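What follows is each chain in one-letter form.
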Protein chains: 2
Amino acid sequence: MARWEPNARERLERAALALFAEHGYDATTVAGIADRAGLTKSTFFRHFSDKREVLFGGQDLLAELFSAAIRTAPPTATTGDCLAAALRAAAVAFTPERHDLAPQRQAVIAANSELQERELLKRARLGSVMADALCARGAGDTTARLAAQIGVLAFSIAYARWAAPGNRRPFSEIAREALRDLQARATALGADAGARA
Amino acid sequence: MARWEPNARERLERAALALFAEHGYDATTVAGIADRAGLTKSTFFRHFSDKREVLFGGQDLLAELFSAAIRTAPPTATTGDCLAAALRAAAVAFTPERHDLAPQRQAVIAANSELQERELLKRARLGSVMADALCARGAGDTTARLAAQIGVLAFSIAYARWAAPGNRRPFSEIAREALRDLQARATALGADAGARA
């Protein structure tokens, strides 16, 4: 029987990020991560499929949060309301307690081109998830894809601002502001075309 | 001395796409492609770095076309004008003579998850190239990123419509229409936020 390990997931995450920073991502092993966390390899594999999952597992949670928020928004919600709801829902993944992990994670990814590609692909997947959820509510395919691009960009901007060292503002507030700002810029870009059509 | 081989690049491309369709991407070799095209392996390597490049080499050309069009647009051009110029410039890569290659290429990519990821990454790179070129003209970072997302989405939609079997409309016309349509939708999405702000 496996013992219950308090906070095992977060301990493994912190151990992994520390080792990635010290020895590099490639040189770090699952055994080393488990050892540093004072846990076993089998505990590691109950939480993560591999060491890459330590960096990107959170994006599966995000995809679920985005999708659920859009699908359960009130029937009267506009597409913009749905994006706002998705970003609001994501805030549970960006608590003050997790703030110090974000720059560590970003530094590991920035140092490795394969991980950068994985990050881009995960962002693209978040966009597909948002677009699918908007389509399921009846938004047309093109509007859903455009809105999802704006939603993912708002998320990316908000995440970078939230993760910045010294930031103390909550994610939900930063994300709401980023989305509003992008929507205003989208209007300006659209008006630009209209004036010349 | 290497002989001059007329149309070598396109012959290699057609041979590769035929073999990918017949035997699958993974089972096709560079030697097989060169043989089918009636050319040598060294001729292949003068045109492509590997067999994957046959599918994605065109996107390097696109990146150059997008970037050059945005950088050389008149000083008075708006961000929307720059996107339109980029898409117009891309039309040289999508001539009627190349129309039959597009569905073959898409079928090969659709059948292979690694190639799908490569396609997503290349699209992301096209977005970065557009955003960088817009920034170089003085667009703010956020506007440049948003405009680039809209530009890449317009490109993706236009490419899919142009590549559809039976399409006879020129790429430039399809792309202009797709961009206008997205700009109108962007205005609507922005107005949606404004009404509730």
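Residues numbered from 1 in each chain as written. Chains lettered and ligands numbered in written order. Predicted model: local features only at pLDDT ≥ 70, side-chain atom pairs only at ≥ 80, totals over all residues. Heavy atoms only, no water.

A. Just the interface of chain A and chain B, in detail. Contacts between the two partners involve 35 residues from chain A and, on the opposite side, 34 residues from chain B. Between chain A and chain B, the buried area comes to about 3,100 Å², and carbon and sulfur atoms account for 65% of it. Our count for the chain A to chain B interface comes out at two salt bridges. Among the salt bridges present, the one from Glu117(B) reaches Arg118(A), with a minimum N-O distance of 3.3 Å. Listing elements by their share of the side of chain A that touches chain B, those giving two or more residues are α5 (79-90), α7 (113-136), α8 (141-163) and α9 (171-196) of chain A. Among the elements that line the side of chain A that touches chain B, the one with the most residues is α9(A), at 13 residues. The residue makeup of the side of chain A that touches chain B, split by class, is 14 nonpolar, 11 polar and 10 charged. (Contact = heavy atoms within 4.5 Å. Buried area = accessible area lost by both parts, 1.4 Å probe. Salt bridge = Lys/Arg side-chain N within 4 Å of Asp/Glu carboxyl O. Helix = DSSP H or I, 4+ residues; strand = E, 2+ residues; numbered from the N terminus. Nonpolar A, V, L, I, M, F, W, Y, C, P; charged D, E, K, R; others polar.)

B. Region of interest: the relation of the copies chain A and chain B. Overlaying chain A with chain B gives an RMSD of 0.0 Å, the required rotation being 180° about an axis along which the chain moves by 0.0 Å. Taken together, the turn and the small shift mark the pair as related by a two-fold rotation axis. The rotation axis passes nearest to the C-alpha of Thr187(A) in chain A, at a distance of 2.0 Å. A high fraction, 97%, of the interface residues of chain A reappear at the interface in chain B, so the copies pair face to face through one surface. (Least-squares fit on C-alpha atoms with pLDDT ≥ 70 in both.)

C. Spotlight on the packing of aromatic side chains. Residue and element names in this part refer to chain A. Counted by the stated rule, this structure contains 22 aromatic pairs over all chains. Ring geometry for Phe94 against Phe155: centres 5.9 Å apart, planes inclined by 45°, an arrangement best described as tilted. One end of the pair, Phe94, is in the loop between α5 and α6 (101-110); the other, Phe155, is in helix α8, and 61 residues separate them in sequence. Each of the two residues, Phe94 as well as Phe155, counts as buried. (Phe/Tyr/Trp six-rings, centres within 6.5 Å; stacked < 30°, edge-to-face > 60°. Buried < 20%, exposed > 50% of the residue type's maximum accessible area, 1.4 Å probe, protein only.)

D. Region of the structure containing the packing of helix α1 (residues 8-23) of chain A against helix α4 (residues 51-71) of chain A. All names here are of chain A. Contact geometry for α1 and α4: axes closest at 10 Å, N-to-C directions at 115°. One element, α1, and the other, α4, form an angle in the roughly perpendicular class. The crossing of α1 and α4 is left-handed. Residues Arg9, Glu13, Ala16, Leu17 and Phe20 of α1 lie in contact with α4, whose contacting residues are Lys51, Val54, Leu55 and Gly57. Looking at the contact of α1 with α4, its residues break down into five nonpolar, one polar and three charged. (Axes fitted to C-alpha atoms, helices over the stretch in contact; angles between N-to-C directions. Parallel < 35°, antiparallel > 145°, perpendicular 65-115°, else oblique. Left-handed = near helix turned anticlockwise from the far one by under 90°.)

E. Inspection of the confidence of the model for chain A at higher detail. Residue and element names in this part refer to chain A. For chain A, mean pLDDT is 92; residues scoring 70 or higher make up 95% of the total. Ranking the elements of chain A by mean pLDDT puts α9 last with 86 and helix α2 (residues 30-37) first with 97. Taken together, the chains of this predicted complex give a pTM of 0.90 and an interface ipTM of 0.88. (pLDDT = per-residue confidence, 0-100.)

F. Region of interest: helix α8 (residues 141-163) of chain B. For α8(B), built from 23 residues, the straight-helix expectation of 33 Å at 1.5 Å per residue is met to within 8% by its first-to-last C-alpha distance of 32 Å. With 18 of 23 residues buried, α8(B) is to be regarded as a mostly interior element. (Expected span 1.5 Å × (residues − 1).)

G. The side chain of Ser156(B), seen in detail. Note that Ser156(B) resides in helix α8. For Ser156(B), a relative accessible area of 12% gives the class buried. Every residue in contact with Ser156(B), bar those within four places of it in the chain, is listed here: Arg145(A) and Arg123(B).

H. Layout of the side chain of His99(A). Residues and elements named next belong to chain A. In this fold, His99 is placed in the loop between α5 and α6. A distance of 2.6 Å separates a polar atom in the side chain of His99 from the backbone oxygen of Trp162. For His99, the residues in contact, after removing those within four places along its chain, are Trp162, Ala163, Ala164, Gly166, Asn167 and Arg168. (Polar contact = N/O pair within 3.5 Å; in protein donor to acceptor, adjacent residues only side chain to side chain.)

I. Molecular detail of the state of the cysteines. In total, this model carries zero disulfides over all chains according to the counting rule given. A disulfide-free cysteine, Cys135(A) has its sulfur positioned 12 Å from the sulfur of Cys82(A), the nearest such atom. (Disulfide = S-S within 2.5 Å.)

J. Seen up close, the pattern of salt bridges. For the structure shown, the criterion picks out 28 salt bridges over all chains. Of the charged contacts in the structure, one is a salt bridge between Arg14(B) and Glu10(B), with a shortest N-O distance of 2.9 Å. Taken as a pair, Arg14(B) and Glu10(B) lie in helix α1 (residues 8-23) at a separation of four residues, close to a single helical turn. With its nearest N and O atoms 3.6 Å apart, the salt bridge here joins Glu114(B) to Arg52(B). Pair noted here: Glu114(B) is in helix α7 (residues 113-136) and Arg52(B) is in helix α4 (residues 51-71), with a separation of 62 residues, a long-range link. Looking at Glu114(B), the relative accessible area reads 46%, which means it is partly exposed. The structure contains a network of salt bridges with shared partners spanning Glu10(A), Arg14(A) and Asp100(A).

K. Layout of the environment of Phe56(A). Residues and elements named next belong to chain A. With respect to the helices and strands, Phe56 occurs in helix α4. Distance from Phe56 to Phe44, taken between C-alpha atoms, is 15 Å for residues 12 residues apart in sequence. Leave out the neighbours within four places in its chain, and Phe56 touches Arg105, Ile109, Leu115, Arg118, Glu119 and Lys122.

L. Seen up close, the packing of α6(A) against α7(A). All names here are of chain A. As a packed pair, α6 and α7 sit with axes 6 Å apart at the nearest point and diverge in direction by 115°. On the side of α6, the interface is formed by Arg105, Val108, Ile109 and Ala110, while α7 contributes Leu115, Gln116 and Glu119. Among the residues making up the contact of α6 with α7, the classes are represented as four nonpolar, one polar and two charged.

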